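Per-entry structural report
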Amino acid sequence: MQIGVPAEIYPGEARVAATPETVKKLVAGGRHTVIIQSGAGERAAIRDIDYEAAGARIVPTAGDAYQSDIVLKVRRPEPPELPLVRKGSLLVGLLSPHESLDGLVATGAMAFAMELLPRISRAQAMDVLSSQANIAGYKAVLVAAYHYGRFMPMLMTAAGTVKVARVLVLGAGVAGLQAVATAKRLGAVIEVFDVRPAVKEQVESLGAKFVEVALSEAELKAQESAGGYAREMSDDYKQRQAALIQERAKAADIVITTALIPGRPAPRLVTEDTVAAMKPGSVVVDLAVKQGGNCAFSVADEVVVKNGVKIVAPSSLPAQMAADSSALYARNLLNFVNLLFDAKTGELKIDRSDEIVAGTLVCADGAPARS
Ligand code: NAD
């Protein structure tokens with residue numbers, strides 16, 4: 001089959017959905033050919049000649065790449081790309097399935113949204129949310145360090161002692177845990193809050209302190225039964241949580257927020273009052289801005305200063321580390337594409353009863369695949 005990779009056109013998107021490494025694996029055995037739009041890898045430090053050396057053919061336009069049987073993308077096709085999507089082709093990418101899919105459905109393509117991948121162990125090697133969140137968590141700490149006018153580690157110098165930075169991480173999923181690990185490497189003292197008490201052990205094993213809102217028996221049971229994800233909490237819980245976060249944020253120099261509830265607006269954890277209570281010179285990095293933000297003052301891709309506190313809300317940190325984020329993303333996609341082929345015969349075999357296929361399929365034959 002022919003596999004095509006168009007260049008991403010979304011502003012600021014520097015990632016690419018295939019790398020020379022994955023191209024080599026796709027063309028091995030001679031079952032597939034890969035075509036790449038010229039320049040698609042440029043912002044991820046991959047040249048056309050690198051793709052060619054791996055066995056891909058370079059084509060001049062996106063239209064050529066979209067003529068393929070399978071199209072690999074990072075972002076969902078933008079409106080000008082939709083007419084290029086071939087009816088009956090397979091499209092795989094981060095397709096923003098919680099937004100309207102009408103344009104995509106109308107193309108008649110069979111589309112798989114990688115955000116919907118079930119969090120089961122068989123799917124781990126395809127888990128783009130994890131691979132990209134890991135990068136976002138790392139980069140968030142570097143962004144915070146860049147905006148913070150002080151050292152992170154405690155230092156004893158001839159000119160006196162420098163105080164250690166106190167970092168508060170809100171949300172201890174994949175991004176939050178990587179933020180903890182990265183801040184730790186820079187020498188910070190770290191506190192972490194998450195609604196899921198199950199993450200306490202992981203947080204502590206990284207050398208950070210877990211701060212908790214006491215849960216009632218019923219709240220604890222409800223949280224544990226939410227399938228590993230956070231769920232919307234009661235108003236009473238939210239009040240207790242707000243008080244705790246405000247108290248810890250006051251003592252922090254850097255607050256990194258990563259709290260998300262799948263398919264819902266991000267919880268508002270750092271309120272106007274909390275920012276007003278924080279120390280001047282402190283920094284908030286909000287990773288949830290695309291879902292509305294964890295901080296009341298977050299504006300996507302801008303630095304807002306309130307009360308001397310800098311609030312930074314980058315909308316796509318993985319795109320700022322395009323070489324590694326593309327490498328991991330492309331491997332995730334390669335593993336997903338392999339699932340669509342019969343392991344023995346090598347023929348295309350889309351098993352719609354497979355949990356991973358059924359979970360990610362958003363449309364086929366001009367109709368939505370999900371209600
Ligand atoms: P996510 O991006 O959906 O959310 C980030 C974190 O925010 C979560 O830890 C969540 O509990 C937390 N959060 C939500 N509301 C909050 C609030 N009001 N206050 C504080 N924190 C709040 O999560 P994720 O990184 O995608 O990971 C979710 C879970 O899935 C984790 O337990 C992760 O380890 C697990 N996971 C499993 C697999 C697998 O088994 N294949 C793969 C990846 C992740």
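1. Thoughts on the overall build of the protein
On a plain count of helices and strands, the protein comes out with 12 helices and 17 strands. For 371 residues, the compact-globule formula gives about 21 Å, and the C-alpha radius of gyration of the protein, at 22 Å, lands near that figure. Along the three orthogonal principal directions, the C-alpha set of the protein runs to about 65 × 55 × 35 Å. By the burial criterion, 50% of the 371 residues in the protein qualify as buried. Of the roughly 16,800 Å² that the protein leaves accessible, carbon and sulfur atoms contribute 53%. In the protein, 40 positive and 40 negative side-chain charges are present, and the distance between their average locations comes to 4 Å.

2. Digging into the site of the ligand
In the neighbourhood of the ligand, 23 residues make up the surrounding shell, with Arg 119, Ser 130, Val 174, Asp 194 and Arg 196 lying closest. Between the ligand and Asp 194 there is a distance of 2.6 Å, counted from an oxygen atom to a side-chain nitrogen or oxygen. The side chain of Gln 241 places a nitrogen or oxygen atom 3.4 Å from a nitrogen atom of the ligand. Across the complex, the protein chains shield 84% of the 840 Å² of accessible surface that the ligand would expose by itself. For the shell around the ligand, the per-class residue count stands at 12 nonpolar, seven polar and four charged.

3. Topic: the sheet that holds strand S10 (residues 189–193)
If you walk across this open sheet you meet the seven strands as S11-S10-S9-S12-S13-S15-S14, and the pairing is mixed. Since the sheet does not close on itself, it has two edges, and those belong to strand S11 (209–210) and strand S14 (303–306), each with one partner. In terms of strand pairing, S14 meets strand S15 (residues 309–312) through four bridges, oriented antiparallel. Pairing of Lys 306 across the sheet is with Val 309, part of S15.

4. Overview of the sheet that holds strand S4 (residues 70–75)
Reading across from one edge, S3-S2-S1-S4-S5-S6-S16-S17 is the order of the eight strands in this open sheet, with mixed pairing throughout. Looking at which strands have only one partner, the edges of the open sheet turn out to be strand S3 (57–59) and strand S17 (367–368). Note that strand S2 (residues 33–37) and S3 share three bridges and pair parallel. For Ile 35, the partnering residue across the bridge sits in S3 and is Arg 57. On the sheet, helix H11 (residues 322–339) packs against S4, strand S5 (90–94) and strand S6 (110–113) and is oriented at approximately 145° with respect to S4.

5. Considerations on empty space enclosed by the protein
Within this structure, the stated rule accounts for one cavity of 30 Å³ or more. The computed volume of the largest cavity comes to approximately 50 Å³. Taken together, Arg 166, Val 167, Leu 168, Val 189, Glu 191, Arg 248, Ala 251 and Ala 252 make up the lining of the largest cavity. Counting residues per element, the ones that place at least two in the lining of the largest cavity are strand S9 (166–170), S10 and helix H9 (235–251). Ranked by residues supplied to the lining of the largest cavity, first place goes to S9 with three residues. A class-by-class count of the residues in the lining of the largest cavity yields five nonpolar, no polar and three charged.

6. Comments concerning unusual backbone geometry
If you check the backbone angles, Asn 307 has positive phi at about 60° while not being a glycine. Even without being a glycine, Asp 365 presents a positive backbone phi close to 50°. For Asp 365, a relative accessible area of 71% puts it in the exposed group.

7. Comments concerning the pattern of salt bridges
Evaluation of the coordinates by the stated rule reveals 19 salt bridges. Taking the shortest distance from any N to any O, the salt bridge between Lys 73 and Glu 8 comes out at 2.8 Å. Residue Lys 73 is located in strand S4, and its partner Glu 8 is located in the loop between strand S1 (2–5) and helix H1 (20–27); the two are separated by 65 residues in the primary sequence. Residue class for Glu 8 comes out buried when judged on its relative accessible area of 5%. Here Glu 191 ties to Arg 248 by a salt bridge, and the two come within 2.8 Å at their closest N and O atoms. Of this pair, Glu 191 sits in strand S10 while Arg 248 sits in helix H9, and the two are 57 residues apart along the sequence. Arg 248 shares its class with Glu 191; the two are buried. One connected set of salt bridges, linked through shared partners, spans Glu 191, Lys 209, Glu 247 and Arg 248.

About the cut-offs
Residues numbered from 1 in each chain as written. Predicted model: local features only at pLDDT ≥ 70, side-chain atom pairs only at ≥ 80, totals over all residues. Heavy atoms only, no water. Helix = DSSP H or I, 4+ residues; strand = E, 2+ residues; numbered from the N terminus. Rg over C-alpha atoms; globule rule 2.2 N^0.38 Å. Buried < 20%, exposed > 50% of the residue type's maximum accessible area, 1.4 Å probe, protein only. Areas by Shrake-Rupley, 256 points an atom, 1.4 Å probe, with all protein chains shown as cover. Lys, Arg positive; Asp, Glu negative; His and termini not counted. Charge placed at Lys NZ, Arg CZ, Asp CG, Glu CD. Near = heavy atom within 4 Å. Polar contact = N/O pair within 3.5 Å; in protein donor to acceptor, adjacent residues only side chain to side chain. Nonpolar A, V, L, I, M, F, W, Y, C, P; charged D, E, K, R; others polar. Pairing = 2+ DSSP bridges. Contact = heavy atoms within 4.5 Å. Axes fitted to C-alpha atoms, helices over the stretch in contact; angles between N-to-C directions. 1 Å grid on protein atoms, 1.4 Å probe; cavity = no way out; pocket = protein on both sides within 12 Å on 5 of 7 lines; lining within 4 Å. Points joined across faces, edges and corners; volume = space filled by probe spheres on them. Salt bridge = Lys/Arg side-chain N within 4 Å of Asp/Glu carboxyl O.

Shape descriptors only; they carry no functional weight alone.
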